[in-house]
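# A look at the structure
Take a look at the letters that make up each chain.
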Amino acid sequence: MSDSQNDIRAYTLRLELVDEPGELLRSLHPIADNGGNLLSIFHERGNVTPRGHIPVEVDIEATPDRFEKIVDALHEADINVVQAGTERYSEALTIVLSGHVIETDLSDTLERIQASANATVTDVSLSAPEGTADTSSARLQIAAESGATGSVLEGVREVAAEKDLRLIEPLTTEGDR
Amino acid sequence: MRIAVIGAGAVGSSVVELAGEYGHDVTAFADSRSAAVDAEGLDVDAVLDRKRTDGIVGDADLEDALSGPYDVLVEATPVTLGDAEPGMTHVEAALTRDRHVVLANKGPVAERYGDVRELEADSEGRVLFEATVGGAMPVLSTIADVGADHITAVRGVLNGTVNFVLSRMAAEGLDYEHVLAEAQDLGVAETDPSFDVEGTDTALKGVILANVLSEDREYTLDDAEVDGIVDIPGSVLELAREDGRTVRLIVEVREGEVRVGPRLVPENAALAPTGTYNTVQFETEHAGQLNVSGLGAGGPETASAILADVGRLDRS
């Protein structure tokens, strides 16, 4: 049941940028344009390399296919890529929440899912056919650290129970073998 | 083999009708009010005809059937929760007389598994119950063949009514109430569908699987975590579909837990059968995934699993 759309992994890119205005922004375009999800940027302005470049560490999430395209695009844009690799594998979990999803403060729900474990909500789709005050449903895609899907789901169950939301869990196979 | 059939619903009647084709004689047949007993074998057509026209199967009573001439008692009365009566009394009556029992009724093996096994241990008779999980599909015999020790998890879509409702909702974009009413019109859902749509039926099957897989622990319905599909909004199925997924009511038996609930599965996954089809998926230690699919309910379908059990007893 694996499909490449779901194989989202976390990667760390180490870049060395020329110390010129706009360089940081220029380096992020190839990432966004190729479907990478930016997680964090560590811009070491005070730590210039011997060649006068500024090291930047960028954490992103992408499928392996997209990650390859991102690295190619960075090279094409003459951005100096020092290191490109997987920092940790992550597993994509898709869940659906249903009920008073909006009235129970969706952004709070999302924040708490992210806070409760090593998880990032990477996509949200909402369906509220009866208007926002009535029953609505939200599909969330969550990137969880490898091996942590069980604890991430546990956290989601807690939030859903507290807010009286119906949770449709994915079928996970973690721990089968 | 000489068979006594207790219970004259769709399943019991189908067993009576098909037994001859499988080389067995029906020597007793009983419903809750009446019974027919004949050591030489009943006139099956006459008995079924009488049930249809008069609402009774014969002039004898249940006690005559239970104490009558048979090698195998087929228990096909409706499922009851808690003490699993009167099914349990029927099981006991047969085992005390050293006769075999084949169950279609889930109650005794879901709610009183320990008692059933204890009675069996004191008897020359054996108890088989293939028909209680997944109707026509060979689920328990697959576990017996692979070996409970070599199975690490079992997941299943085990209720045709629920699966019909979820498949129709996803395919037609219709809401829950509408599809349920349609299922009732078609005879796919009962007038009172709560046993199915609340997940109880699926959970009982999961509990039976847990009992069969477990060596040292007895499970009952109280040990299962159960969530059904009542009033599931169409928007849930819609959001799932947009993402190449769908929703199925799935029972998972794993690491000593029985959980039933609606789950997201890829649309083309083995565990996303459509309509009234059922699927069971085994995770095995040495043989990867095994999937068994088929019709999980219906008179002749369930009767074929019962008669397979009778055949196993005949050969042993």
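Quick caveat: nothing in here was measured; it's all calculated off a predicted structure. (Residues numbered from 1 in each chain as written. Chains lettered and ligands numbered in written order. Predicted model: local features only at pLDDT ≥ 70, side-chain atom pairs only at ≥ 80, totals over all residues. Heavy atoms only, no water.)

### Focus on the overall build of chain B
Here is the rule: Strands are runs of DSSP state E lasting at least 2 residues, helices are runs of H or I lasting at least 4, and numbering of each runs from the N terminus. Within these notes, the globule rule equals 2.2 Å times the number of residues to the 0.38 power, and the radius of gyration is based on C-alpha atoms. Throughout this description, buried means an accessible area under 20% of the type-specific maximum (1.4 Å probe, protein chains only), exposed means over 50%, and partly exposed covers the range between. Note on areas: these come from Shrake-Rupley sampling with a 1.4 Å probe, and a residue is covered only by the protein chains present in the view.
Counting its regular elements, chain B contains 13 helices and 12 strands. What you see for chain B is a C-alpha radius of gyration of 20 Å, in line with the 20 Å of a compact globule of 316 residues. Per-residue burial for chain B yields a buried fraction of 57% across its 316 residues. Surface accessibility of chain B: about 12600 Å² in total, with carbon and sulfur atoms responsible for 44%.

### Observations regarding the domain arrangement of chain A
Residue and element names in this part refer to chain A. The condition is simple: Boundary definitions for the domains trace back to an automatic or database domain assignment. Every residue pair with non-hydrogen atoms within 4.5 Å of one another is taken to be in contact. Using a 1.4 Å probe, buried area is obtained as the accessible area two parts lose upon being combined, added over both of them. Definition used for salt bridges: Asp or Glu carboxyl oxygen within 4 Å of a side-chain nitrogen of Lys or Arg. Under this definition, polar contacts are N or O atom pairs within 3.5 Å; protein pairs additionally need one hydrogen-donor-capable and one acceptor-capable atom, and for neighbouring residues in sequence, both atoms have to be side-chain atoms. Polar here means any residue outside two lists: the nonpolar Ala, Val, Leu, Ile, Met, Phe, Trp, Tyr, Cys and Pro, and the charged Asp, Glu, Lys and Arg; Gly therefore counts as polar.
According to the domain assignment, chain A contains domain 1 (7-88) and domain 2 (90-168). Averaged C-alpha coordinates put domain 1 and domain 2 at centres separated by 29 Å. Contact with domain 1, which involves seven residues of that partner, is made by eight residues of domain 2. Between domain 1 and domain 2, the buried area comes to about 560 Å², and carbon and sulfur atoms account for 48% of it. Where domain 1 packs against domain 2, one counts zero salt bridges. Here domain 1 is connected to domain 2 by zero residue pairs in polar contact (both at pLDDT 80 or more). Of all elements in the fold, only β1 (9-17) and β2 (37-43) reach the threshold of two or more residues within the side of domain 1 that touches domain 2. Taken together, the residues that form the side of domain 1 that touches domain 2 break down as three nonpolar, one polar and three charged.

### Focus: the interface of chain B and chain A
Counting residues at the interface gives 29 residues for chain B, matched by 26 residues for chain A. Around 2300 Å² of area is buried between chain B and chain A when both sides are counted, 52% of it from carbon and sulfur atoms. In terms of surface lost to chain A, no three residues of chain B exceed B:Leu239, B:Arg245 and B:Leu264, which account for 26% of the buried area on that side. Across the chain B-chain A interface, the total number found is two salt bridges. We note a salt bridge from B:Glu242 to A:Arg139, for which the minimum N-O separation is 3.6 Å. There are eight residue pairs in polar contact (both at pLDDT 80 or more) connecting chain B and chain A. Within the residue set of the side of chain B that touches chain A, elements represented by two or more residues are β7 (151-157), α12 (234-242), β9 (245-254) and β10 (257-266) of chain B. Of all the elements, β10(B) adds the most residues to the side of chain B that touches chain A, at six residues. Of the residues belonging to the side of chain B that touches chain A, the class tally is 15 nonpolar, three polar and 11 charged.

### Examining the packing of helix α4 (residues 87-96) of chain B against helix α6 (residues 113-121) of chain B
Residue and element names in this part refer to chain B. Quick reminder of the rule: All axes here are fitted lines through C-alpha atoms, helices being fitted over the stretch that makes contact, and every angle between N-to-C directions spans 0 to 180 degrees. To sort the angles, those under 35 degrees are grouped as roughly parallel, those over 145 as roughly antiparallel, those from 65 to 115 as roughly perpendicular, and the leftovers as oblique. In this scheme, a crossing is called left-handed if the near helix is turned counterclockwise away from the far one by less than a right angle; it is called right-handed if the turn is clockwise.
Running from N to C, α4 and α6 cross one another at 15°; their axes reach a closest spacing of 9 Å. Overall, the two elements α4 and α6 adopt an arrangement that is roughly parallel. With respect to the hand of their crossing, α4 and α6 are arranged in right-handed fashion. The residues of α6 that touch α4, namely those facing Met88, Glu92 and Leu95, are Asp115, Val116, Leu119 and Glu120. When the residues that make up the contact of α4 with α6 are grouped by side-chain class, the tally is four nonpolar, no polar and three charged.

### Regarding the sheet that holds strand β6 (residues 127-128) of chain B
Counted only if it meets this: Pairing between strands is defined by DSSP: at least two bridges between the two strands are required.
Across the sheet, six strands lie side by side as β3-β2-β1-β4-β5-β6 (chain B); this open sheet has mixed pairing. Because the sheet does not close on itself, it has two edges, and the strands there are β3 (35-37) and β6 of chain B.

### Considerations on the domain arrangement of chain B
All names here are of chain B. Split by domain assignment, chain B resolves into domain 1 (2-135 + 299-315) and domain 2 (147-295). On a C-alpha basis, the centroid separation for the pair domain 1 and domain 2 is 27 Å. Counting residues at the interface gives 15 residues for domain 1, matched by 17 residues for domain 2. Surface buried jointly by domain 1 and domain 2 totals about 1300 Å² across both partners, of which 72% is contributed by carbon and sulfur atoms. Broken down residue by residue, the surface that domain 1 buries against domain 2 is led by Ala110, Tyr113 and Val133, which jointly contribute 36%. The interface formed by domain 1 and domain 2 includes one salt bridge. For lysine 106, the salt bridge is made with aspartate 201, and the minimal N-O distance between the two is 3.3 Å. Scanning the region where domain 1 abuts domain 2 turns up five residue pairs in polar contact (both at pLDDT 80 or more). Mapped onto the side of domain 1 that touches domain 2, the elements with two or more residues apiece are α5 (107-111) and α6. In terms of residue count, the dominant contributor to the side of domain 1 that touches domain 2 is α5 (three residues). In terms of residue class, the side of domain 1 that touches domain 2 is made up of seven nonpolar, four polar and four charged.

### Looking at the nonpolar core
All names here are of chain B. Our working definition: Joining through side-chain atoms within 4.5 Å is the link that ties buried Ala, Val, Leu, Ile, Met, Phe, Trp, Tyr and Cys residues into a set, and such a set is a nonpolar core.
Residues Leu209, Ile229 and Ile232 are the most contacted members of the largest nonpolar core, which totals 68 residues. Of all the elements, helix α11 (residues 200-213) adds the most residues to this core, at seven residues. Residue contributions to this core reach at least three from each of two domains, namely domain 1 (2-135 + 299-315) and domain 2 (147-295). Sequence-distant contacts of leucine 209, defined by excluding residues within four places in its chain, comprise Val133, Val139, Leu140, Ile143, Val154, Leu158 and Val253.

### Topic: a negative patch on the surface
Defined as follows: Exposure above 30% relative accessible area and the lack of any salt bridge qualify a residue for a patch; like charges then connect within 9 Å, and the nonpolar side chains Val, Leu, Ile, Met, Phe, Trp and Tyr within 5 Å. The sign given to each residue is positive for Lys and Arg and negative for Asp and Glu; His and the chain ends receive no count. To locate a charge, take NZ of a lysine, CZ of an arginine, CG of an aspartate or CD of a glutamate.
Judged by side-chain charge, A:Glu103, A:Glu130, A:Asp134, B:Asp175, B:Glu177 and B:Asp231 come together as a negatively charged surface patch. For B:Asp175, a relative accessible area of 45% corresponds to the partly exposed category.

### Let's talk about the packing of helix α1 (residues 10-18) of chain B against helix α13 (residues 299-315) of chain B
Residue and element names in this part refer to chain B. Look at α1 against α13: their axes get within 8 Å of each other, and the N-to-C directions meet at 60°. Note on packing geometry: the crossing formed by α1 with α13 is right-handed. Of α13, the residues touching α1 (which contributes Ala10, Val11, Ser14, Val15 and Leu18) are Gly299, Pro300, Thr302, Ala303, Ile306 and Leu307.

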